[in-house]
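Letter by letter, the chains look like this.
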Amino acid sequence: MKPTMFEIESKPFFTQQGTPYMKTPGVSMLSYPSFDFNSMATFCNGFDESLGFNDFVAGSEFGELHSAEKLCKTAGQLCYMSLGPKRTKDSDAEKYFDNILSSGHGSVLEHANFSLLLYGISRSMTHEIVRHRAGFAYSQVSQRYVDGKVLRFVERPEYQDNEILHSTFEDRIDLLSKEYDHVALVLGEKMGDELNGLSNTEKRKRVNQAARSVLPNETEAPIICTANVRAWRHFLNMRGSKFAEVEVRKLAVFVHRVLMKRASLLFGDFTEVTLDDGTTGFTTPYPKV
Ligand SMILES: Cc1cc2nc3c(=O)[nH]c(=O)nc-3n(C[C@H](O)[C@H](O)[C@H](O)COP(=O)(O)OP(=O)(O)OC[C@H]3O[C@@H](n4cnc5c(N)ncnc54)[C@H](O)[C@@H]3O)c2cc1C
């Protein structure tokens, strides 16, 4: 199956001993808003015809905007019951959002949520991601529940073009992967009687929660992040800046590219720039919305 335009695929690499690892972040958009014109029509039709609110859902506007943009624009327009013929039309949405962004009325951007599956990223990076609290929801692979069968590692960008760092990395993950399996095996044997009577899941957790202590920061840690547009913008702003760490900055750039496919008017003010170290970051005239 080919990747869709709403994802950036990352494929695994393998050491000679078969240990899988990732070199770049993968970003898949799992969910995005959908706008229900019919429900809006029901509301609009409840007002006096002379107000012209039925014009709001007239066929002319269908399909002009992505649903996330339509939802945020409608949220803003409802505030002033700006639903009649004199409202800003969808064809002028760019100007509308420019005004929202420049005046800092970010709350209307909180209506639209996007869920992204992020993978090919390290545990040290996800520790940075989950510091973003406002407007974010997370579900991350449990190192207590899963075992060595799904274990993958992430190679730092700095190691990838250096022979010594790269081969040291491959040796290390081969070793760690074996050590993890070995520790899990010995733990299982040691716990023996202690595990009797427990469900298979509980047994696995008891073993894995201890065995994970040998896993390094460069262990892959897939995570599903759902956040509203305002929260994603804050994430992009913090993590796409020159002050951010290179791995998370690369992820931020990929996240932005995927979000742009569904809501370019809400994220289009972020422009990719080449930073002093040759990596890509962002600039935006509206960092604080
Ligand atoms: C370059 C860089 C370096 C960093 N270095 C470190 C470091 O050395 N150590 C470290 O621990 N972290 C570090 N961080 C993480 C940073 O401190 C934040 O935790 C992270 O960027 C999330 O930002 P945030 O709190 O603004 O986001 P969110 O938690 O999403 O909050 C968004 C906004 O909501 C408001 N808000 C959220 N919660 C509260 C609250 N409880 N009370 C009041 N207002 C609230 C604030 O305005 C906040 O900016 C670093 C981040 C970056 C980008």
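Residues numbered from 1 in each chain as written. Predicted model: local features only at pLDDT ≥ 70, side-chain atom pairs only at ≥ 80, totals over all residues. Heavy atoms only, no water.

Digging into the overall build of the protein
Stage number 1. Across its full length, the protein holds ten helices and ten strands.
Stage number 2. Seen along its three principal axes, the alpha-carbon backbone of the protein occupies a region of about 80 × 55 × 35 Å.
Stage number 3. Residues counted as buried form 42% of the 289 residues belonging to the protein.
Stage number 4. Counted over contacts in the protein with a minimum sequence separation of 6, partners at least 24 positions apart contribute 74%.
Stage number 5. If you sum the accessible surface of the protein, you get close to 15,500 Å²; carbon and sulfur atoms cover 52% of it.
Stage number 6. The positive charge centre, built from 34 side chains, and the negative charge centre, built from 37, are 3 Å apart in the protein. (Helix = DSSP H or I, 4+ residues; strand = E, 2+ residues; numbered from the N terminus. Buried < 20%, exposed > 50% of the residue type's maximum accessible area, 1.4 Å probe, protein only. Contact = heavy atoms within 4.5 Å. Areas by Shrake-Rupley, 256 points an atom, 1.4 Å probe, with all protein chains shown as cover. Lys, Arg positive; Asp, Glu negative; His and termini not counted. Charge placed at Lys NZ, Arg CZ, Asp CG, Glu CD.)

Considerations on the site of the ligand
Stage number 1. Every residue close to the ligand is listed here: Arg131, His132, Arg133, Ala134, His234, Met238, Arg239 and Phe243.
Stage number 2. Between the ligand and His234, the relevant distance is 2.7 Å, taken from an oxygen atom to a side-chain nitrogen or oxygen of the residue. (Near = heavy atom within 4 Å. Polar contact = N/O pair within 3.5 Å; in protein donor to acceptor, adjacent residues only side chain to side chain.)

Describing the sheet that holds strand S2 (residues 13-14)
Stage number 1. Taking strand neighbours across the sheet as the criterion, the three strands line up as S2-S3-S7 in an open arrangement whose pairing is mixed. Two strands bound the open sheet, and with one partner strand each, they are S2 and strand S7 (153-154).
Stage number 2. In the sheet, S2 pairs with strand S3 (residues 20-22) via two bridges, with the strands oriented antiparallel. Residue pairing for S3: Phe13 is matched across the bridge by Tyr21. (Pairing = 2+ DSSP bridges.)

A short note on the nonpolar core
Stage number 1. Within the largest apolar cluster, 47 residues are counted, with the highest numbers of intra-cluster contacts made by Leu118 and Trp232.
Stage number 2. Sort the elements by how many residues they give to this core and helix H9 (residues 246-262) lands first, with eight residues.
Stage number 3. Not counting residues within four places of it along the chain, the set of residues in contact with Trp232 comprises Phe114, Leu116, Phe136, Cys225, Ala227, Val255, Leu259 and Phe267.
Stage number 4. Formed by 15 residues, the second largest nonpolar core is a distinct cluster that contains Ile173, Leu187, Val214 and Leu215. (Core = buried A, V, L, I, M, F, W, Y, C linked by side-chain atoms within 4.5 Å.)

A look at the side chain of Glu218
Stage number 1. Locating Glu218 in the fold gives a position in the loop between helix H7 (200-211) and strand S8 (223-228).
Stage number 2. By relative accessible area, Glu218 is classed as buried at 10%.
Stage number 3. Apart from residues lying up to four places away in sequence, Glu218 is in contact with Ser122, Phe153, Val154, Tyr159, Phe169, Arg172 and Ile173.

By themselves, these are just geometric observations and shouldn't be taken as functional.
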